[in-house]
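# Structural overview for review
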Amino acid sequence: MNNPAPTDGRLAQIAARSRRQIVQIGHGAGAFGAHFGPSLSLVDILTVLYGTRVRHDSSMCSDPERDRVILSKGHGSLALYAVLHEFGFISDECLASAETDGTVLPGQPCRNQELGIEFSSGSLGMGLSFGVGLALSARMMGSDRSIFVIMGDGETNEGSVWEAAMSAAHFRLARLIAIVDVNGLQSDGTTAEIMSCRLREMWEANGWETIEVDGHSIPGLRAALSPATGSRPRCILASTVKGKGVSFMEGAAEWHHGRMTESQFETAVHDVGRGEQTA
Amino acid sequence: MGPRGSFGVALTDVAEHDERIIGLTADLAVTSGMQRFRAQVPDRFFNVGIAEQNLVGIASGLADDGWIPFASTFANFGAMRSCEFVRHHLGYMRQNVKLVGIGAGFAMGQFGTTHYALEDVAVMRAIPNLTIVSPADCSEVYQAVQELAGSGDPTYLRLSGIPSMPPVDQGETEFRVGRARVLRSGTDLTIIATGSMVAVALNVADALAVQGLSVGVVNMHTIKPIDEVALTSLVGQSAAVATVEEHSVLGGLGGAVAEVMAAIPGSPPVLRIGVNDFFPKVGSYEYVIAQCGLDAPTLVTTVEGWLSGLGKQSVGRVAR
């Protein structure tokens, strides 16, 4: 956590700069395209998490007492890289290498604790059970650290998420916090069309304290991330807009992964630039 | 006691001296021989329920902090139900998890095909960074657990054989992960076996010796990384090689041996003996073993026929 804790205004600026980075780096990835939509939906969540809640900075990368952020939805990688860059984990040069050949910042994250990247991801449904293990470990070590596992709403189609969810409640892992980026879209369409489910009821039925929040509201996210008081793990269902901040990407399933034309890039740069001015 | 009981005793013993040891299971504590561990080390025992992917993922999270988790389930579930978790956590992220596959091969008898692990080695062997150990008897299970507890290598520990699995006389050889145990040397044929088949291979060698053949036996308890030095030393020393495993002939021990031998000029021909790419009819352990031709008498006949085909049935005709 940065010290002193940043104001809401400062967090909004960090988020806006991160969106600009996502647009620029994703466009720089070239013909293969990049995961714009699921990164842009995630920016405010990661910004508030690192800005207000996570006990971790670039001097703590091998400290067992650091909080752990596990990005299970690996397709949010550009948001993770941009926000870690904002908080001093990733250098300008390193960030500029994202999604180039042989980079340490590939399209889906590859574990690199020196850069604050705690977990390799890309294959969905892998992160929550890893978080359960980390939380059990913290308990055995007598550590009060927290474990944050960030998933997509589409990701919760994976059965392994629910194996892990069940066990987290069973083991009473109060310092395990799942954050679901509920952007309502997955690769092939809306989550309602592809695999409808009642997320709140499912998390609650599995024994989790479940909070719904606007995933773009900085005060709302601050409150949702307040330290746990009970014995249950917490699930934050953060309602977001996929592609948030870029007009033609917002709410558009086709921008889960894609490549901008030069004219679209100009529009995107203009959109995120306006976001920076108003932040 | 059997291989699983030996695993449980070994794990409890290493946990007494090393507080980093963790035991996990997917609802198979008793079946895995872990009841003693559960009773004696309750703070370091976790039952994750019938959820093998979660088993591997949780073990990985624990390993991330330096704990040394041994996670048990049936071999086919550990290797195949949670295959991609193994690839991701043990392979890609190199987390120091010891995945223990119990009841490998046909040990589950009447439980049937769903509980037979016939492809697990092939599947696990394709994953980078993974060590595969397949002990030949209870004593070797114990030694393997002891050595693996001190290693930093992600490992699939494959427990084949039934509770009455016989002890194998391994002479003065020592158990070291990655090093084959050469139990006998022979010039006409060398049988390379793993797990439950090592004891059988010795019986086959005895029977062939009676017929005047010089037959070597190698216990290849570590299937990956395979002991290439031991294999290379057979070139020019042994006229033929047969591999025997309680596993498919595709991709297991036989595959690993053949892959090495194929690249060496003048290497002996390799006969791979195992399950011939089919699902056997279900039955008792002995019934399925016999059905697959993995009992000693059938193995003798199979090997004799093959050697005969090679023109090497009589000792006199073997090039020395």
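Right, let's talk about helix 1 (residues 8-28) of chain A for a bit. Residue and element names in this part refer to chain A. Taking 1.5 Å as the rise per residue, helix 1 with 21 residues should run 30 Å; its terminal C-alpha atoms sit 30 Å apart, in good agreement. Buried positions along helix 1 lie against helix 2 (36-40), helix 3 (43-53), helix 4 (77-86), helix 5 (92-96), helix 10 (218-224) and helix 11 (262-278). Directly beyond the C-terminal end of helix 1, a positive phi value near 85° is found at Gly30.

On to unusual backbone geometry. Cis rather than trans, the peptide bond between Lys224 of chain B and Pro225 of chain B has omega equal to -5°. Of note, Arg172 of chain A is a non-glycine position whose phi angle comes to about 55°, a positive value. Within the element layout of this structure, Arg172 of chain A appears in the loop between helix 7 (159-170) and strand 3 (176-182). A tally of 14 C-beta atoms within 10 Å means that Arg172 of chain A is categorised as partly exposed. Backbone geometry at Arg94 of chain B places phi at a positive 55°, although glycine is not the residue there. Here Arg94 of chain B shows up in the loop between helix 5 (83-92) and strand 4 (98-104). With 18 C-beta atoms packed within 10 Å, Arg94 of chain B lands in the partly exposed category.

We now examine the domain arrangement of chain B. Residues and elements named next belong to chain B. Splitting chain B by domain gives domain 1 (2-160) and domain 2 (181-311). Look at where the C-alpha atoms of domain 1 and domain 2 centre, and you get two points 26 Å apart. With 24 residues of domain 1 in contact, the opposing surface of domain 2 contributes 26 residues. Looking at the side of domain 1 that touches domain 2, the elements that each hand over two or more residues are helix 6 (120-125), strand 5 (131-133) and strand 6 (155-160).

Listed as buried for helix 10 (residues 253-261) of chain B are Leu253, Gly254, Gly255, Ala256 and Val257 of chain B. Of the surrounding elements, those touching the buried residues of helix 10 of chain B are helix 6, strand 8 (189-193), strand 10 (222-224), helix 9 (228-232), strand 11 (241-248) and strand 12 (270-275) of chain B.

Residue and element names in this part refer to chain B. As a packed pair, helix 8 (residues 197-210) and helix 12 (residues 296-309) sit with axes 9 Å apart at the nearest point and diverge in direction by 55°. Taken as axis vectors, helix 8 and helix 12 run oblique relative to one another. Here helix 8 runs over helix 12; the crossing is right-handed. Counted together, Val200, Asn203, Val204, Ala207 and Leu208 of helix 8 and Ala296, Leu299, Val300 and Val303 of helix 12 form the full contact between these two elements. Looking at the contact of helix 8 with helix 12, its residues break down into 8 nonpolar, 1 polar and no charged.

Attention shifts here to the interface of chain A and chain B. The interface of chain A with chain B comprises 19 residues on the first partner and 21 residues on the second. Every element with two or more residues in the side of chain A that touches chain B is listed here: helix 6 (127-141) and helix 7 of chain A. Across the side of chain A that touches chain B, the residue classes tally to 9 nonpolar, 8 polar and 2 charged.

Turning our eyes to something else, we now look at the sheet that holds strand 6 (residues 209-214) of chain A. Residues and elements named next belong to chain A. Reading across the sheet, the 5 strands line up as 1-2-3-7-6 and stay open at both edges, with parallel pairing between neighbours. The sheet is open, and its two borders are formed by strand 1 (68-71) and strand 6, each paired with just one other strand. With direction set aside, neighbouring strand axes in the sheet form an average angle of 20°. Relative to strand 7 (residues 234-239), strand 6 is paired through 6 bridges, and the arrangement is parallel.

Conventions we followed
- The residue numbers shown here count from 1 along each chain, following its written sequence.
- Here chains are named by letter from A upward and ligands by number from 1 upward, in the order in which they appear as written.
- This being a predicted model, a pLDDT of at least 70 is required before a residue's local features are given, and a value of 80 or more before pairs of side-chain atoms are given or counted; all residues contribute to the totals for chains, interfaces and linings.
- The way it works is that DSSP assigns letters per residue, a run of H or I at least four long becomes a helix, a run of E at least two long becomes a strand, and they are numbered from the N terminus.
- Expected span of a helix: the number of residues minus one, times 1.5 Å.
- Any residue pair is listed as a contact if its two C-beta atoms, each placed from the backbone, are within 7 Å.
- Neighbour counting defines burial: a residue surrounded by 20 or more other C-beta atoms within 10 Å of its own C-beta is buried, one with 12 or fewer is exposed, and intermediate counts give partly exposed, using backbone-placed C-beta atoms.
- Boundary definitions for the domains trace back to an automatic or database domain assignment.
- To get an axis, fit a line to the C-alpha atoms, keeping to the stretch in contact for a helix; angles then go from 0 to 180 degrees between the N-to-C directions.
- Roughly parallel refers to an angle under 35 degrees, roughly antiparallel to one over 145, roughly perpendicular to one between 65 and 115, and oblique to any angle outside these ranges.
- Each crossing gets its handedness from the near helix: less than a right angle anticlockwise from the far helix is left-handed, clockwise is right-handed.
- Put simply, Ala, Val, Leu, Ile, Met, Phe, Trp, Tyr, Cys and Pro go in the nonpolar bin, Asp, Glu, Lys and Arg in the charged bin, and everything else, Gly too, in the polar bin.
- The pairing criterion for strands is at least two bridges between them, as found by DSSP.

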